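# Structure at a glance
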Amino acid sequence: MSAIPFPAPPADSPEVVALRTQFRAFLHQQLGDRTPRQRSDNWYGFSRDFSRAMGHAGYLGMTWPKQYGGHERSAFERAVIVEESLASGAPVGAHWIADRQSGPSILKFGTDEQKDTILPRIAAGELAFGIGMSEPDSGSDLAATRTKAVRDGDLYRVTGTKVWTSFAHEADYVILFCRTSGTPADRHQGTSQLLVNLKDTPGLTIRPIIDLAGQHHFNEMHFEDAIVPAKYLLGKEGDGWNQVMSELAFERSGPERFLSSIELMLQLLNMLKGRDDDAALATIGRLTAQLAVLRRLSRSVAAMLQDKQDAALQASIVKDVGAVWEQTLPDFARQLVDAEPDPRSAAAYAGVLANIVHNAPSWSLRGGTREILRGIIARGLGTR
Amino acid sequence: MLADMIERLLDRHLDDAAQAQAREGQWLPALWAEVEEMGLPLALLTEDQGGFGLSFEEAGEALRLLGRHAMPLPVVETMAANQLLAAAGLPLAEGAAGLARADDLKLIDGRLTGTVPRVAWGEQIGCLALAVGDRLYRVPRSGWSVAEQGTSLNFHPRPSLAIDWAVDASAPLPHCPLAAGATVRAFQIAGALEAALAMTLDHTATRVQFGKPLQKNQVVQHELAKLAGELACATAAADLAGEALARGDTLGVAAGSLRAREAAGTGAGIATQMHGAIGFTREHRLHLYTTALWTWRDEFGGQVFWATQLGRAAITAGGQGYWPMVTAL
């Protein structure tokens with residue numbers, strides 16, 4: 001056995017090959033007029049229409065039971081949908097979080113009523129979710145969470161502030177990580193998860209946080225004695241830490257962890273058309289080798305998830321190595337092509353490069369900072 | 001099963017004294033006899049060809065193990081050469097073998113002449129599986145003399161060979177020896193990185209500085225995580241190259257080989273740094289692995305050779321064709 005097993009992913013079955021062909025045609029038809037600059041938004045692109053079309057065509061909730069609107073397909077078939085969506089720059093934001101982590105968490109921990117009412121609508125591309133984890137004083141240190149939910153009969157009264165919630169201003173729900181008993185000093189104990197309806201929660205105000213690119217993805221959610229029905233408790237009260245760790249495992253494993261800048265690679269290749277110098281050839285060759293291997297590692301993780309193995313260590317490694325790839329791509333591009341990036345340019349290359357340079361810093365922050373991930377990997381190796 | 005046998009063999013016959021002898025350029029006849037006795041030179045052949053009929057995973061594990069023990073003799077070269085010879089329908093090697101490609105050799109009146117650069121243990125091997133153009137030649141030991149001595153970074157012989165041989169065994173080339181060599185090297189690199197990570201974990205757990213094991217420091221933990229990432233990439237890269245070689249896809253071999261070569265350098269660097277000064281000496285066994293990694297990453301076509309092939313294919317594919325090309329690797 002290898003020191004850190006990454007089992008070889010099985011060869012693509014005829015079903016997987018057919019699905020890829022069919023889905024590429026779907027994307028081609030859906031995304032015909034999307035500009036390179038728009039495509040470079042990657043999973044920050046948000047389109048209700050596109051998500052509904054995905055749901056209608058049966059590409060969401062791929063692995064879930066049919067009973068809940070899912071399609072009972074394999075983790076590999078879902079991986080095809082995810083990687084092809086990202087590689088083509090599809091605006092997946094309106095179903096991304098729900099399909100990736102909120103839905104699977106609800107499927108795993110939710111009540112029958114929650115599953116019946118929410119999952120089919122996610123699978124139909126009708127419900128958008130945000131993530132309710134980070135707080136002003138608790139980012140990487142999630143266990144320091146302060147947002148408090150106090151039980152009051154058949155409801156919870158919620159007080160506290162969440163930050164960095166992508167799409168909270170557009171989405172329908174978040175899964176809120178909060179404290180239902182004790183104090184932040186209790187760390188993992190006394191935490192729970194609540195399903196919060198963003199469109200219908202008295203006492204909740206949502207305020208934009210504008211990022212350095214001038215874009216509005218992030219939000220602050222401020223809960224002031226906000227009312228959440230007790231039936232919206234997800235899983236068990238007090239079991240929030242285990243549940244949120246399970247949710248993070250869904251979040252860390254996918255190809256979005258190295259494909260964020262793929263549109264820049266595609267535009268760079270267009271700029272290099274006809275170039276036959278060793279610098280261009282060797283740099284692109286090396287980047288391509290790295291990408292192919294990352295993709296293989298990610299497919300290994302999918303194989304492990306399919307076999308119900310614990311892939312937390314492997315997923316963290318893929319995210320760590322993957323973030324380096326997507327984040328350093330602009331530097332390699334700059335060694336090959338001189339171009340001043342321009343965030344308002346209609347020119348494909350200058351506009352895409354600007355968007356990527358602006359957004360790249362976030363890729364080693366979101367979903368667990370590089371430093372946290374490396375700590376997790378080191379612990380997985382038996383240190384500490 | 002095979003892995004256990006290899007482990008036992010290497011534990012018994014490959015100690016530090018044997019490694020030191022190999023560094024002096026001395027062949028290890030007792031070790032080679034054991035390798036032959038076990039049938040390792042035929043390990044990559046199918047059962048029909050008289051091999052073990054190993055699964056892909058078993059073959060990969062065997063190759064990685066040879067890297068994990070820094071096997072100094074050209075065992076993987078012999079395995080790959082025999083696979084090539086068997087695929088071409090030529091007689092297998094007697095004893096150890098090498099494999100090479102040299103397109104500037106001349107074939108005049110049935111006589112092959114020219115120089116093949118830097119063949120591992122070129123004086124000691126019995127046979128060379130040599131590609132020239134689209135043909136494979138099975139050159140016996142009597143078909144060459146040493147043109148120039150050479151030494152690898154881990155101090156094993158790499159003489160350049162002056163071929164002068166009346167061709168009596170050749171066939172159409174089934175696959176490129178450089179691709180085959182690059183693939184087995186990728187597996188060796190993954191294996192050597194496994195050893196380097198294990199040693200580094202052990203060293204940083206037991207070495208105490210400032211009153212605590214090195215491993216208790218976050219900066220050290222982060223370097224360990226990066227080393228684990230390089231190991232993961234090398235392992236996946238070797239598998240990628242192995243699968244690509246089996247289906248005759250040179251670009252896939254290029255991708256896997258390139259990433260493994262890169263991991264060799266980065267991984268060796270981290271492992272040495274984490275060991276501190278002792279990792280820079282021959283007193284600690286780490287050098288067996290770091291010098292092997294630095295050797296293997298530049299053999300069977302270099303970084304530029306493989307990267308430019310893959311890069312040219314990518315630039316030709318352009319923005320439109322790139323992703324389909326990547327998913328086919």
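Residues numbered from 1 in each chain as written. Chains lettered and ligands numbered in written order. Predicted model: local features only at pLDDT ≥ 70, side-chain atom pairs only at ≥ 80, totals over all residues.

### Quick notes on the overall build of chain A
Regarding its fold elements, chain A presents 12 helices and eight strands. Along the first, second and third principal axes, the C-alpha atoms of chain A reach 70 × 50 × 45 Å. Each of the 384 residues in chain A was classed as buried or not, and the buried ones make up 54%. Sequence-distant contacts, at least 24 apart, represent 75% of the contacts inside chain A between residues at least 6 apart. (Helix = DSSP H or I, 4+ residues; strand = E, 2+ residues; numbered from the N terminus. Buried ≥ 20, exposed ≤ 12 C-beta atoms within 10 Å, placed from the backbone. Contact = placed C-beta atoms within 7 Å.)

### Remarks on the interface of chain A and chain B
Listed per partner, the contact involves 42 residues of chain A and 42 residues of chain B. Elements with a minimum of two residues in the side of chain A that touches chain B: helix 8 (262-271), helix 9 (278-306), helix 10 (312-336) and helix 12 (370-380) of chain A. Sort the elements by how many residues they give to the side of chain A that touches chain B and helix 9 of chain A lands first, with 18 residues. For the side of chain A that touches chain B, the class distribution of residues is 23 nonpolar, 11 polar and eight charged. (Nonpolar A, V, L, I, M, F, W, Y, C, P; charged D, E, K, R; others polar.)

### Details of the domain arrangement of chain B
All names here are of chain B. The domain boundaries assigned to chain B delineate domain 1 (2-172) and domain 2 (177-328). Between the C-alpha centres of domain 1 and domain 2 there is a distance of 23 Å. Taken together, the contact between domain 1 and domain 2 spans 24 residues of the former and 22 residues of the latter. Elements represented by at least two residues in the side of domain 1 that touches domain 2 include exactly helix 4 (56-68), helix 5 (75-88), strand 1 (97-101) and strand 4 (127-132). Broken down by element, the residue count for the side of domain 1 that touches domain 2 peaks at eight residues, all from helix 4. Tallied by class, residues from the side of domain 1 that touches domain 2 come to 14 nonpolar, six polar and four charged. (Domains from an automatic or database assignment.)

### Brief notes about the confidence of the model for chain B
Segments scoring low in pLDDT should not have their predicted coordinates read at a detailed level. When the pLDDT values of chain B are averaged, the result is 96; 100% of them are 70 or greater. Across the predicted assembly, pTM comes out at 0.95 and ipTM at 0.96. (pLDDT = per-residue confidence, 0-100.)

### Quick word on the sheet that holds strand 7 (residues 160-166) of chain B
Strand pairing in a sheet relies on backbone hydrogen bonds, with the paired strands running either antiparallel or parallel. Residues and elements named next belong to chain B. Strand order in this open sheet of four strands is 2-3-7-6, and the pairing throughout is antiparallel. Both outer strands of the open sheet, strand 2 (106-108) and strand 6 (144-148), are each paired with one neighbouring strand and no more. If you compare each strand with its neighbour and ignore which way they point, the axes differ by 15° on average. Of the pairings in the sheet, the one linking strand 3 (residues 111-116) to strand 7 comprises six bridges and is antiparallel in character. When the sheet's bridge partners are listed, Leu112 is paired in strand 7 with Trp165. (Pairing = 2+ DSSP bridges. Axes fitted to C-alpha atoms, helices over the stretch in contact; angles between N-to-C directions.)

### Describing the packing of helix 5 of chain B against helix 6 (residues 177-206) of chain B
All names here are of chain B. Interhelical geometry of helix 5 versus helix 6 gives an angle of 145° and a closest axis separation of 10 Å. Considering only the axes of helix 5 and helix 6, their crossing is right-handed. For the pair helix 5 and helix 6, contact is made by Val76, Glu77, Met79, Ala80, Gln83 and Leu84 and by Pro177, Ala180, Gly181, Val184 and Gln188, respectively. Taken together, the residues of the contact of helix 5 with helix 6 sort by class into seven nonpolar, three polar and one charged. (Left-handed = near helix turned anticlockwise from the far one by under 90°.)

### What about the nonpolar core?
By size, the foremost hydrophobic cluster in this structure holds 223 residues, and its most contacted members are Leu194 of chain A together with Ile189 and Ala237 of chain B. Discounting residues that sit within four places of it in the chain, Ala237 of chain B has contacts with Val293 of chain A together with Ala186, Gly256, Arg259, Ala260 and Ala263 of chain B. (Core = buried A, V, L, I, M, F, W, Y, C linked by C-beta atoms within 7 Å.)

### Quick word on unusual backbone geometry
In most cases, non-glycine residues show a negative phi, while peptide bonds are predominantly trans. All names here are of chain B. Positive phi outside glycine occurs at Ala70, with the angle close to 50°. Relative to the helices and strands, Ala70 is located in the loop between helix 4 and helix 5. For Trp121, which is not glycine, the phi torsion reads 55° and is therefore positive. Mapping Trp121 onto the fold places it in the loop between strand 3 and strand 4. What makes Trp121 buried here is the crowd of 23 C-beta atoms within 10 Å.

### Side note on the sheet that holds strand 4 of chain B
Residues and elements named next belong to chain B. Taken together, the four strands give an open sheet; going across it, the order is 1-4-5-8, and neighbouring strands pair in mixed fashion. Looking at the sheet topology across the chains shown, the edges are occupied by strand 1 and strand 8 (170-172). In this sheet, neighbouring strand axes are inclined to one another by 20° on average, regardless of whether the strands run parallel or antiparallel. Bridging between strand 4 and strand 5 (residues 135-140) involves six bridges; their strand directions are antiparallel. Following the sheet pairing, Leu130 is matched in strand 5 by Tyr137. Along the sheet, helix 5 makes contact with strand 1, strand 4, strand 5 and strand 8, crossing strand 1 at roughly 70°. Packing of helix 6 onto the sheet brings it into contact with strand 1 and strand 4, and relative to strand 1 it is tilted by some 125°.

### With respect to the packing of helix 8 of chain A against helix 10 of chain A
All names here are of chain A. Where helix 8 meets helix 10, the closest approach of the two axes is 10 Å, and the angle between their N-to-C directions is 10°. The orientation of helix 8 with respect to helix 10, classified from their angle, is roughly parallel. Contacts from Leu264, Met265 and Leu268 of helix 8 reach helix 10 at Leu329, Pro330, Ala333 and Leu336. (Parallel < 35°, antiparallel > 145°, perpendicular 65-115°, else oblique.)

### Considering the domain arrangement of chain A
All names here are of chain A. You can read the domains of chain A as domain 1 (14-127), domain 2 (131-239) and domain 3 (253-380). If you average the C-alpha positions of domain 1 and of domain 3, the two centres end up 22 Å apart. Contacts between the two partners involve 17 residues from domain 1 and, on the opposite side, 18 residues from domain 3. Listed by contribution, the elements that provide at least two residues to the side of domain 1 that touches domain 3 are helix 2 (36-39) and helix 4 (75-87). Here the residues of the side of domain 1 that touches domain 3 are counted per class, giving eight nonpolar, four polar and five charged.

### Some remarks on helix 11 (residues 348-359) of chain A
All names here are of chain A. For helix 11, with 12 residues, the first-to-last C-alpha span of 17 Å sits near the 16 Å given by 1.5 Å per residue. The complete set of buried residues in helix 11 reads Tyr349, Gly351, Val352, Leu353, Ala354, Asn355, Ile356 and Asn359. Taken together, the buried residues of helix 11 touch helix 2, helix 8 and helix 10. (Expected span 1.5 Å × (residues − 1).)

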